[in-house]
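Chains, contacts and geometry: an overview
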Amino acid sequence: MSGGGAAGWLIACIAIGAGLVTQAAACPFCGVVGRSLAERRDTAATTAVGESVGPATRDDAGRLTQPFAVRQAIRGRAAANAAPVAARVAAPVAGTALLFGDAAGWEAVAADESLLAHVAAAPATTVPAADRLAWYAARLEHSDPAIAADAFTEFGLAPFAAVRDAARSFDAEKLTRWIEEPGIDQRRRGFYGLALGIVAAAEPDPIVRARFVATLRRAAEAPGSDLRAGFDGLLAGVVVAEAEAGLDFLAARGLLNGDTRAGDARHALAVLRFAWECLARSVPRDRVAAATARLLANPAVAADAAVDLARYQDWSAIAAVAALWEPLGRDDPLVRRAVAGYLAACPLPAARGQLDRLRAADPAGVRAALEAAVGPR
């Protein structure tokens, strides 16, 4: 294998090995959200209303199960008043539950009347994603915590394009209030920041748009731990709303510096990956690559930044990447793997020269780093 094909193969290997292959199919800022209730409803053979008729106990596999009487089918067929079914539960259920049954058995989720109605009315998973999200948008931060959680889950599972297409369904004033509310769940706050950025980008009134942007900037500038959840979503909202000026905001806030706090640097890198994958129409990719290259100076994300630049096939940082071999690479094998992978994937003579220089000084180290970068063939 030679030329661009070989470089592409190596880039893919180092990206996969570092766990950096972007999953654009779901919100990158929402964390793990699990399965939505509509998905569980539509993939189950039977979805029904049940009533607990006994205590929860552990089965032979250590799973918590509880007996339920089936009262009414919501989807599929269920014989009402038949013998109770044993369903897996996350915690004991007192009273009414949603039952999901298939060949693998039954699962139960505690439910009241409002949640039962929510699941019965939710759009089918075969409905286009943007149309489904328009229905769920009105249920974000619903007074029933289970419904609010399910609405957030639907957005967390949706591709960015679908969220953007559903922008007209968002209530911008509510998004603003939730972003500014101190007690809001931080993961949701991050998503609301991204959503307000989408709304701002589509807002034709410059005065209104400026107000939305100011809300996002204030939230992103507020002091906090670099480990806070949702911060990357707020930053992404700024970039969505302001495009290139959003990248300038990241730089002005010091988030692309070599001494940026580790967590903040990771948040910034996540936003740059998102911009590369999803915002190419509004944020030039050369600007994204240049911002990523600045993070090569940050020890917390230097290896990840080098891998991202290789994925982007941005070869303007050859000298900066090679310089990571010492001293950062001396104590971090991930840095050396990223350096060797980047230089080996780059088709330019300057990269081959840098790799030859490193080989001359440390042949065993370069060989080990390359083997680690590409893994078994």
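This structure is a prediction, so every number in the text was calculated from the model and none was measured. (Residues numbered from 1 in each chain as written. Predicted model: local features only at pLDDT ≥ 70, side-chain atom pairs only at ≥ 80, totals over all residues. Heavy atoms only, no water.)

**Some thoughts on the pairing of strand 3 (residues 64–75)**
Here strand 1 (residues 46–52) runs beside strand 3; their pairing, made up of six bridges, is antiparallel. Within strand 3, the residue paired with E51 across the bridge is A69. As paired elements, strand 2 (residues 57–58) and strand 3 share two bridges and run antiparallel to each other. What sits directly across from T57, in strand 3, is T65. In this antiparallel pair of consecutive strands, strand 2 and strand 3, the connection spans five residues, and G62 shows a positive phi of 85 degrees. Pairing of strand 3 with strand 4 (residues 85–88), which is carried by four bridges, proceeds in the antiparallel orientation. For F68, the partnering residue across the bridge sits in strand 4 and is V85. (Pairing = 2+ DSSP bridges. Helix = DSSP H or I, 4+ residues; strand = E, 2+ residues; numbered from the N terminus.)

**Observations concerning the state of the cysteines**
In protein chemistry, a disulfide is the covalent bond that joins the sulfur atoms of two cysteines. Applying the stated rule across the entire model yields one disulfide. The disulfide partner of C27 is C30, and the gap between their sulfur atoms is 2.4 Å. Across the S-S bond of C27 and C30 the torsion is about 80 degrees, and the bridge reads as right-handed. Judged by its relative accessible area of 11%, C27 falls in the buried class. A disulfide-free cysteine, C278 has its sulfur positioned 9.8 Å from the sulfur of C27, the nearest such atom. (Disulfide = S-S within 2.5 Å. Buried < 20%, exposed > 50% of the residue type's maximum accessible area, 1.4 Å probe, protein only.)

**Focus on empty space enclosed by the protein**
Applying the stated rule across the entire model yields one cavity of 30 Å³ or more. Residue lining of the largest cavity: A137, L140, F170, D171, K174, L175 and W178, and that is the complete set. The biggest single contributor to the lining of the largest cavity is helix 7 (residues 172–180), with three residues. Here the lining of the largest cavity is built from residues that sort into five nonpolar, no polar and two charged. (1 Å grid on protein atoms, 1.4 Å probe; cavity = no way out; pocket = protein on both sides within 12 Å on 5 of 7 lines; lining within 4 Å. Points joined across faces, edges and corners; volume = space filled by probe spheres on them. Nonpolar A, V, L, I, M, F, W, Y, C, P; charged D, E, K, R; others polar.)

**A word on the packing of helix 10 (residues 231–242) against helix 12 (residues 262–278)**
At a minimum axis distance of 9 Å, the contact between helix 10 and helix 12 shows a crossing angle of 45 degrees. Our classification of the angle between helix 10 and helix 12 gives oblique. Helix 10 and helix 12 meet at a crossing whose hand is right-handed. Across the interface between the two elements, F231, D232, L235, A236, V239 and V240 of helix 10 pack against D264, H267, A270, V271 and F274 of helix 12. Across the contact of helix 10 with helix 12, the residue classes break down as eight nonpolar, one polar and two charged. (Axes fitted to C-alpha atoms, helices over the stretch in contact; angles between N-to-C directions. Parallel < 35°, antiparallel > 145°, perpendicular 65-115°, else oblique. Left-handed = near helix turned anticlockwise from the far one by under 90°. Contact = heavy atoms within 4.5 Å.)

**Observations concerning the pairing of strand 6 (residues 105–110)**
Bridge count for strand 4 against strand 6 is two bridges, and the pairing is parallel. Pairing of R88 across the sheet is with E107, part of strand 6. Sheet topology places strand 5 (residues 96–102) next to strand 6; six bridges connect them, and they run antiparallel. Bridge pairing in strand 6 places D102 opposite G105. Two successive antiparallel strands, strand 5 and strand 6, enclose a turn made up of two residues.

**Description of the side chain of E154**
Within the secondary structure, E154 is located in helix 5 (residues 145–157). Looking at E154, the relative accessible area reads 5%, which means it is buried. Not counting residues within four places of it along the chain, the set of residues in contact with E154 comprises S36, A38, R132, L133 and Y136.

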